[in-house]
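# Coordinate inspection notes
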Amino acid sequence: MTQQPQSPQQPLNTCIQQMLSDASVSIQSLPQCEQIKLWLVEPEAMRRPFSQQEILSIQSYPAYWAFCWASGQVLARQILANPHWVKDKKVMDFGAGSGVVAIACVIAGAREVIACDIDPDALLACAANARLNQVDYRLHGDLFDFNEPLDLLIAADVLYDKANLPLLDIFRQKASKVLVADSRVKDFNFPPYQKIGRQESFTVPDLDELDEFRWVNLYRA
Ligand SMILES: C[S@@+](CC[C@H](N)C(=O)[O-])C[C@H]1O[C@@H](n2cnc3c(N)ncnc32)[C@H](O)[C@@H]1O
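- The name given to the protein chain in an unreviewed UniProt entry is Class I SAM-dependent methyltransferase, and the organism recorded there is Bacterioplanoides pacificum.

Structure below.
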């Protein structure tokens, strides 16, 4: 018997259904960065009321990679508008999730791009989204065993977990320049990081988050 070829979303649906059994992904454009399309969770599945069991399941398997977070959308847009930020550089998208920033870096002319995420399912999504956007980049799981010099490390919305704050120092050891986009940390005061901008955005699909999470701050070191 011949096997049917797998559709590109099938492995991603298998992953996301660990979180919610009726969730699935579809190709979605980013409203603020229409050049990029991503496999993201179908919004209907996230808008219905959840049972207690489902809440526990979402907490234990938060499929971050199935959303484009506000910071990722802002950075992708900014990188495409300012390609000189990354042109000819070796860049890492740390906490890549869907790979949105990595995709923007390749389109903007980076010399080499590495999408780094600790979640193996995120790396699967990064690979699927690279194919969808017809770009190519490397995948990597653990920043601590990455020892190649980087011109630029970009991190979008990875500080939602306070345990990640010490990474701000590690980023500077790994790359000559660091660009951080964040919508979660209040009173961000981590010298030598300097605030270079603030922009309004939203997560895709839009989760109708609190207004405060719709403001993305950009920092560089
Ligand atoms: C909120 S998502 C942001 C994804 C993407 N940057 C965006 O803006 O859409 C955070 C991502 O960081 C990843 N992450 C968290 N801690 C990490 C770590 N220590 N090393 C690598 N990735 C990490 C998570 O797995 C998740 O995919």
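So, next bit.
### Some points on the site of the ligand
- Taken together, 18 residues lie near the ligand, and Trp69, Phe94, Gly95, Asp117 and Ala156 sit nearest.
- In the environment of the ligand, a nitrogen atom lies 3.3 Å from a nitrogen or oxygen atom belonging to the side chain of Asn164.
- For the ligand, whose accessible area on its own is 600 Å², the fraction buried by protein is 92%.
- Taken together, the residues of the shell around the ligand break down into 11 nonpolar, four polar and three charged.

### Details of the packing of helix H4 (residues 70-81) against helix H5 (residues 100-107)
- With their axes 9 Å apart at the nearest point, H4 and H5 run at an angle of 5 degrees to one another. By the angle between their directions, the pair H4 and H5 is classed as roughly parallel. Across from Gly72, Leu75, Ala76, Ile79 and Leu80 in H4, the residues of H5 making contact are Val100, Val101, Ala104, Cys105 and Ile107.
- In the contact of H4 with H5, the residues fall into nine nonpolar, one polar and no charged.

### Observations regarding the side chain of Ser201
- Position of Ser201 among the secondary structure elements: in the loop between strand E8 (194-200) and strand E9 (215-220).
- Here Gln32 takes part through its side chain, which lies 2.6 Å from a polar atom of the side chain of Ser201.
- Setting aside residues no more than four positions away along its own chain, Ser201 makes contact with Gln32, Ala70, Gln73, Val74, Arg214 and Val216.

### Observations regarding unusual backbone geometry
- Note the cis peptide between Pro191 and Pro192, where omega equals 10 degrees.
- As for its position among the elements, Pro192 is in the loop between strand E7 (175-182) and E8.
- Geometrically, the link from Val204 to Pro205 is a cis peptide bond, its omega value of -10 degrees lying close to zero.
- With respect to the helices and strands, Pro205 occurs in the loop between E8 and E9.
- Within the chain, Asp187 stands out as a residue other than glycine whose phi angle is a positive 50 degrees.
- With respect to the helices and strands, Asp187 occurs in the loop between E7 and E8.
- According to the relative accessible area criterion, Asp187 is exposed, its value standing at 73%.

### With respect to the sheet that holds E7
- Pairing in this open sheet of seven strands is mixed, and the strands run E5-E4-E3-E6-E7-E9-E8 from one edge to the other. At either end of the open sheet lies a strand with only one pairing partner, and these are strand E5 (138-140) and E8. Adjacent strand axes in the sheet meet at a mean angle of 20 degrees, parallel and antiparallel pairs treated alike.
- Two strands pair when backbone bridges link them, and strand E6 (residues 150-156) and E7 are joined in this way by six bridges, in the parallel orientation. Across the sheet, residue Ala156 finds its bridge partner in E7, namely Ala181.
- With respect to the sheet, helix H6 (residues 120-132) is in contact with strand E4 (112-116) and E5, its orientation differing from that of E5 by roughly 170 degrees.

Parameters at a glance
- Residues numbered from 1 in each chain as written.
- Predicted model: local features only at pLDDT ≥ 70, side-chain atom pairs only at ≥ 80, totals over all residues.
- Heavy atoms only, no water.
- Near = heavy atom within 4 Å.
- Polar contact = N/O pair within 3.5 Å; in protein donor to acceptor, adjacent residues only side chain to side chain.
- Areas by Shrake-Rupley, 256 points an atom, 1.4 Å probe, with all protein chains shown as cover.
- Nonpolar A, V, L, I, M, F, W, Y, C, P; charged D, E, K, R; others polar.
- Axes fitted to C-alpha atoms, helices over the stretch in contact; angles between N-to-C directions.
- Helix = DSSP H or I, 4+ residues; strand = E, 2+ residues; numbered from the N terminus.
- Parallel < 35°, antiparallel > 145°, perpendicular 65-115°, else oblique.
- Contact = heavy atoms within 4.5 Å.
- Buried < 20%, exposed > 50% of the residue type's maximum accessible area, 1.4 Å probe, protein only.
- Pairing = 2+ DSSP bridges.

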